[in-house]
Amino acid sequence: MVKFLTDQEKISAAVLGMGYVGTAVAAVLAGEGVGVVGVDVDPEVIGRLEARRCPFHEPGLPELLLGALDSGGLRVTTDYAPVGEADVVIIAVGTPVRGTELVDAQLRGACERLAARLRPGQLVILKSTVPPGVSRKLVAPLLERGGLKAGVDFGLAFCPERLSEGRALHELRTFPIAVGGWCRDSARAAAAFWRRTIGAEVIDCTSMESAEMVKLAGNWWIDHNIAMANELARLCGALDVDVLEVIAVANTMRKGTGNVNILLPSVGVGGSCLTKDPWMVWRAARERAVDLETVPVARRVNDAMPAHTVDLIDRELARLGLGLEGTRIAVLGAAFKNNTGDLRATPVLPVVAALRRRGADVAVFDPLADPAEVHRIFGLAPAASARDALKGAACVAVLARHDAFDGIDFVALRDTLAESCVIVDGRAYYSKETIDRFRRHGLAYRGIGR
Ligand SMILES: NC(=O)c1ccc[n+]([C@@H]2O[C@H](COP(=O)([O-])OP(=O)(O)OC[C@H]3O[C@@H](n4cnc5c(N)ncnc54)[C@H](O)[C@@H]3O)[C@@H](O)[C@H]2O)c1
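Residues numbered from 1 in each chain as written. Predicted model: local features only at pLDDT ≥ 70, side-chain atom pairs only at ≥ 80, totals over all residues. Heavy atoms only, no water.

1. Some words on the side chain of Asn230
Right, on to step 1. Inspection of the secondary structure assignment puts Asn230 in helix α8 (residues 208–239).
Right, on to step 2. You can call Asn230 buried: its relative accessible area is 0%.
Right, on to step 3. When sequence neighbours within four positions are dropped, the list of residues in contact with Asn230 reads Pro265, Ser266, Val301, Asn302 and Met305. (Helix = DSSP H or I, 4+ residues; strand = E, 2+ residues; numbered from the N terminus. Buried < 20%, exposed > 50% of the residue type's maximum accessible area, 1.4 Å probe, protein only. Contact = heavy atoms within 4.5 Å.)

2. Considerations on the site of the ligand
Right, on to step 1. Taken together, 28 residues lie around the ligand, and Val21, Asp40, Tyr80, Thr95 and Lys276 are the ones closest in.
Right, on to step 2. Note that an oxygen atom of the ligand is positioned 3.1 Å from one of the backbone N or O atoms of Tyr20.
Right, on to step 3. Contacts to the ligand include Asp40, whose side-chain N or O atom sits 2.6 Å from an oxygen atom.
Right, on to step 4. Contact with the protein chains removes 89% of the 830 Å² of surface that the ligand exposes when unbound.
Right, on to step 5. Considering only residue class, the shell around the ligand consists of 11 nonpolar, 9 polar and 8 charged. (Near = heavy atom within 4 Å. Polar contact = N/O pair within 3.5 Å; in protein donor to acceptor, adjacent residues only side chain to side chain. Areas by Shrake-Rupley, 256 points an atom, 1.4 Å probe, with all protein chains shown as cover. Nonpolar A, V, L, I, M, F, W, Y, C, P; charged D, E, K, R; others polar.)

3. Let's talk about the sheet that holds strand β14 (residues 361–365)
Right, on to step 1. Strand order across the open sheet formed by 5 strands is β14-β13-β15-β16-β17, with parallel pairing between neighbours. Looking along the sheet, the strands with just one partner apiece sit at the ends: β14 and β17 (443–447). Each strand axis lies, on average, 20 degrees off the axis of its neighbour in the sheet, ignoring direction.
Right, on to step 2. In this sheet, strand β15 (residues 395–398) lies alongside strand β13 (residues 328–332) in parallel orientation, the contact comprising 4 bridges. Residue pairing for β15: Ala330 is matched across the bridge by Val396. (Pairing = 2+ DSSP bridges. Axes fitted to C-alpha atoms, helices over the stretch in contact; angles between N-to-C directions.)

4. Some remarks on the side chain of Asn225
Right, on to step 1. By secondary structure assignment, the location of Asn225 is in helix α8.
Right, on to step 2. On the basis of relative accessible area, Asn225 is assigned to the buried category, the value being 11%.
Right, on to step 3. If sequence neighbours within four positions are ignored, Asn225 has contacts with Asn261, Ile262 and Leu263.

5. Topic: unusual backbone geometry
Right, on to step 1. Of note in the backbone geometry, Ala289 takes a positive phi value of approximately 60 degrees without being a glycine.
Right, on to step 2. Looking at the element boundaries, Ala289 is found in the loop between α10 (277–286) and α11 (294–303).
Right, on to step 3. Ala289 sits in the exposed class, given a relative accessible area of 72%.
Right, on to step 4. Unusually for a residue other than glycine, Ala345 sits at a positive phi of about 50 degrees.
Right, on to step 5. Relative to the elements of secondary structure, Ala345 occurs in the loop between β13 and α13 (348–357).
Right, on to step 6. A residue is classified by how much of its surface remains accessible, and Ala345, at 47% relative accessible area, is partly exposed.

6. Quick notes on the pairing of strand β10 (residues 202–205)
Right, on to step 1. Relative to β10, strand β9 (residues 177–181) is paired through 4 bridges, and the arrangement is parallel. Each bridged residue has a counterpart across the sheet, and for Val179 the counterpart in β10 is Asp204.
Right, on to step 2. As a crossover connection, the stretch from β9 through helix α7 (residues 184–197) into β10 is right-handed. (Right-handed = clockwise from strand over helix to strand, strands pointing away.)

7. Quick look at the sheet that holds strand β8 (residues 155–158)
Right, on to step 1. Strand order in the open sheet formed by 8 strands is β3-β2-β1-β4-β7-β8-β9-β10, and the pairing between neighbours is mixed. Of all strands in the sheet, those bounded by a partner on one side alone are β3 (74–77) and β10. Taken pair by pair, the neighbouring strands of this sheet meet at an average axis angle of 25 degrees, ignoring direction.
Right, on to step 2. Looking at chain direction, strand β1 (residues 12–16) and strand β2 (residues 35–39) are connected through 5 bridges and run parallel. Paired with Val15 across the two strands is Gly38, which belongs to β2.
Right, on to step 3. The strands touched by α7 are β1, β4 (88–91), β7 (123–126), β8, β9 and β10; relative to β9, the strand with the most contacts, the crossing angle is about 155 degrees.
Right, on to step 4. In this fold α8 packs onto β8, β9 and β10, with an angle of close to 150 degrees to the strand it touches most, β9.

8. Examining the nonpolar core
Right, on to step 1. Counting 47 residues, the largest nonpolar core has Leu29, Leu74, Ile90, Ile125, Phe193 and Trp194 as its most contacted members.
Right, on to step 2. The dominant element in this core, judged by the number of residues it contributes, is helix α1 (residues 20–31), at 8 residues.
Right, on to step 3. Those residues in contact with Ile90 that sit more than four places away from it in its chain are Ala14, Val15, Leu16, Val25, Leu29, Ile125, Lys127, Phe193 and Trp194.
Right, on to step 4. Counting residues in each nonpolar core, the second largest holds 43 residues, with Ala86, Leu102, Val134 and Leu216 among its members. (Core = buried A, V, L, I, M, F, W, Y, C linked by side-chain atoms within 4.5 Å.)

9. Structural notes on the domain arrangement of the protein
Right, on to step 1. Per the domain assignment, the segments of the protein are domain 1 (12–208) and domain 2 (303–447).
Right, on to step 2. On a C-alpha basis, the centres of domain 1 and domain 2 stand 38 Å from each other.
Right, on to step 3. Approximately 500 Å² of surface area, both sides summed, lies buried where domain 1 meets domain 2, with 42% of it carried by carbon and sulfur atoms.
Right, on to step 4. Counting across the interface, domain 1 meets domain 2 through 1 salt bridge.
Right, on to step 5. For Glu165, the salt bridge identified is with Arg344, shortest N-O distance 3.7 Å.
Right, on to step 6. For the pair domain 1 and domain 2, the number of links is 2 residue pairs in polar contact (both at pLDDT 80 or more).
Right, on to step 7. Residue classes in the side of domain 1 that touches domain 2 are distributed as 1 nonpolar, 3 polar and 1 charged. (Domains from an automatic or database assignment. Buried area = accessible area lost by both parts, 1.4 Å probe. Salt bridge = Lys/Arg side-chain N within 4 Å of Asp/Glu carboxyl O.)

10. Considerations on the pattern of salt bridges
Right, on to step 1. Under the criterion given, the structure shown has 28 salt bridges.
Right, on to step 2. For Lys127, the salt bridge goes to Glu161, with nearest N and O atoms at 3.0 Å. Taken together, the positions of Lys127 in the loop between β7 and α5 (134–144) and Glu161 in the loop between β8 and α6 (168–174) put the pair 34 residues apart, joining distant regions of the chain. Here the two residues Lys127 and Glu161 agree in accessibility, since each one is buried.
Right, on to step 3. Note that Arg344 and Asp342 form a salt bridge whose closest N and O atoms lie 3.2 Å from each other.
Right, on to step 4. Relative accessible area serves as the criterion here: at 39%, Arg344 is assigned to the partly exposed category.
Right, on to step 5. Assessed through its relative accessible area of 11%, Asp342 is described here as buried.

Structural data, given as structure tokens:
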């Protein structure tokens, strides 16, 4: 029996897939002194990293990443050859869904290439989010095609990545890491790896399937909680009650091991995880004759929020005696989440598309998103500055609230805006004082549920 991850002083790792997760994990490990090789099949991804460009707006990541690349602690390549030399191989490729079905091409590709390089004693850790059973039924057999046996020649564990964008580095270092092993030795080796490298707390799950479900249950809960917050917001809006006040006070009630924790309503739920992980759960359940009703309901509620936001804008403009046709609307924030430039499945896109279909003159500004990507995805050249976007706007829709917007004072820019103007707050959650100030200076305000 080969022992995985023996007690050697210096640990080396290979990270397969240098996207958002792979880059963050590789940079953090390299920062802890692990010799890391980052492998991606996309030459553009590797070219960008070699040119020392960090494509992700993640606090602290560019510095950490460039430091690791400069010091040689992190090497990047499209070549799988160095993977065979690593003690630990971490798989962080994309696992999108089409409809509700896992698109496993990236995962298969990574496992097939890795199988040909795998050597006795290596530990493989899967971080990509997968439906329950995929580590055992897809990943292990693909890796064994190289001739080695899981649990005998190489170790295998599933350790879900639970970081969220905007706080990735902090969460990578501080969140407990769930470990589900193929066997006891695999689980023990994976736990030792995380403890010895980033010093993380490790939680042992009894199986890979349990760890797979841990990840999915977390995102199912978040999506469902936000759906409830969004419906609460729509009701509070109709009652003329401030949803933020209701949530803040409701969340002081103790329940279970903590407090009630209603999350925040918004223009919608986007990104690459919350829009797909609940569907992975739903499909996995259906395949086992378990009917999950909460998944489609939450998805439907959250997917309806962009249309609700458009209605809100339409109604607020009507109060000002304006229609959408020909009206200038400044959209601040194109990303799916505050303080990121990530445009994947952004709910801002259906808002902008609907407004434009209805004849509005929409200007989009997002200082964190790549302008070429905004142009490609929105079919519209983004404004070069906030001031450009705000020129003549009768509605300012703040749909992602980046810290970079803190310096934009709509009151000071009153003359740039149209004579009648409403601030529509899709997730800025302005304080009562700020809202009062807007109103004192002739700016109307309406938030989701406020
Ligand atoms: N983005 C998040 O916030 C987040 C958080 C937690 C978990 N996850 C999960 O982590 C995984 C990765 O997510 P991501 O956002 O980093 O995806 P991503 O699309 O940003 O990155 C995936 C990378 O893998 C590369 N790749 C594809 N096939 C490959 C192969 N055969 N070998 C090597 N590289 C290959 C792609 O070129 C791409 O650069 C997904 O399963 C996702 O669900 C993501």
